[in-house]
Amino acid sequence: MNIALFPDVVVNGETIPSAAIAAEAQNHDAPKGKPGIAWRKAANAVAVRTLLLQEARRCDLQPMPLEVDPGRFETDEEALIRSLLETALSVSPPSDESVYTEWARDPSRFRSPPLWEVSHILCACDPRDDKQKKAAEARATDLAARASANPHDFAKLAKDNSDCGSKSSGGALGQVGPGDTVPEFEEALRKLNEGQITAKPVLTRHGWHIIRMDAVADGAELPFEIVRPKLAEAMEKAAWAREARSFVTRLVATATISGADLQSV
């Protein structure tokens, strides 16, 4: 990316180094071949951060970094921005009545996680090795066709062909829930009905899988008493985010900024 092509970002007379924007751009997605989009996103993000730091210093706040993970502390800039927002924002926890109203709007949104009873056949490979990947895919495609043609032979196919330790139990993995398997495997599970076998092999970092959904237990609708604590926390976080956006919008309205577009903030 030729950073010389992009204008300097200046916030209230303070010029932001291009290197800082280039570093921030690594955190923003953009279509291939269009680095300017990532740069503009980064310029906006760095401009907002600069604006918040300027306000924190105007308020004479001092950084007091907190430990965010064992052995890892906030940077001084992170601590200043946190202190500013804690000082500037006032968000009260939602009332029980408002939490109940939100829950009652559509109780079906709040359910316990589903449980899937699953079996599979694994054709192991390293997906980064094209030769391995293609050979394993060909074997898996053949096994998928055989499994679909004779579903009752699935356990025998798994026992004779699977590269997973579950082969000893006919490929049975038992009950799994959301987060228990790799994302690609879980995505396939969510599309299967009880008794269904994946028509095509599913690729994960472990190789190619032929998956059978042995049984499905849909999550049950949760009562308000169970939902209330987490829903209240989510509502408070959402209110805090709205207040933070409003605070930044007010700062932008009184600032002089060039090289970044913060009109939609």
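Residues numbered from 1 in each chain as written. Predicted model: local features only at pLDDT ≥ 70, side-chain atom pairs only at ≥ 80, totals over all residues. Heavy atoms only, no water.

In the nomenclature of an unreviewed UniProt entry, the protein chain corresponds to Parvulin-like PPIase from the organism Celeribacter persicus. Regarding the protein chain, the relevant UniProt record gives this comment under Sequence similarities (unreviewed entry): "Belongs to the PpiC/parvulin rotamase family." Turning to the protein chain, the UniProt record has this under Catalytic activity (unreviewed entry): "[protein]-peptidylproline (omega=180) = [protein]-peptidylproline (omega=0)". (UniProt positions renumbered as here; feature names shortened; annotations may be inferred.)

Owing to its 3.6 residues per turn, the α-helix aligns residues three or four sequence positions apart on the same side. With 13 residues, helix H3 (residues 76-88) extends 18 Å from end C-alpha to end C-alpha; this agrees with the ideal 18 Å at 1.5 Å per step. Turning to H3, its buried residues are Ala79, Leu80, Ile81, Arg82, Ser83, Leu84 and Leu85. (Helix = DSSP H or I, 4+ residues; strand = E, 2+ residues; numbered from the N terminus. Expected span 1.5 Å × (residues − 1). Buried < 20%, exposed > 50% of the residue type's maximum accessible area, 1.4 Å probe, protein only.)

A few words now on the pairing of strand S8 (residues 207-217). As judged from the ten bridges shared by strand S5 (residues 115-124) and S8, these two strands associate in the antiparallel manner. Within S8, the residue paired with Ser119 across the bridge is Arg212. Across three bridges, the pairing between strand S7 (residues 202-204) and S8 is antiparallel. Looking at S8, one finds that Leu203 is bridged to Trp208. Linking two consecutive strands that pair antiparallel, namely S7 and S8, is a turn of two residues. (Pairing = 2+ DSSP bridges.)

Of all hydrophobic cores here, the largest spans 30 residues; its most connected members are Val9, Ile21, Leu52 and Phe247. Of all the elements in the fold, those that place two or more residues in this core are strand S1 (9-11), helix H1 (18-25), helix H2 (35-58), H3 and helix H8 (224-253). With ten residues, the top contributor of residues to this core is H2. Residue contacts for Phe247: discarding those within four places in its chain leaves Leu52, Glu55, Leu84, Leu85, Ala88 and Leu89. Counting residues in hydrophobic clusters, the runner-up holds 14 residues, among them Ile121, Ala136, Leu157 and Trp208. (Core = buried A, V, L, I, M, F, W, Y, C linked by side-chain atoms within 4.5 Å. Contact = heavy atoms within 4.5 Å.)

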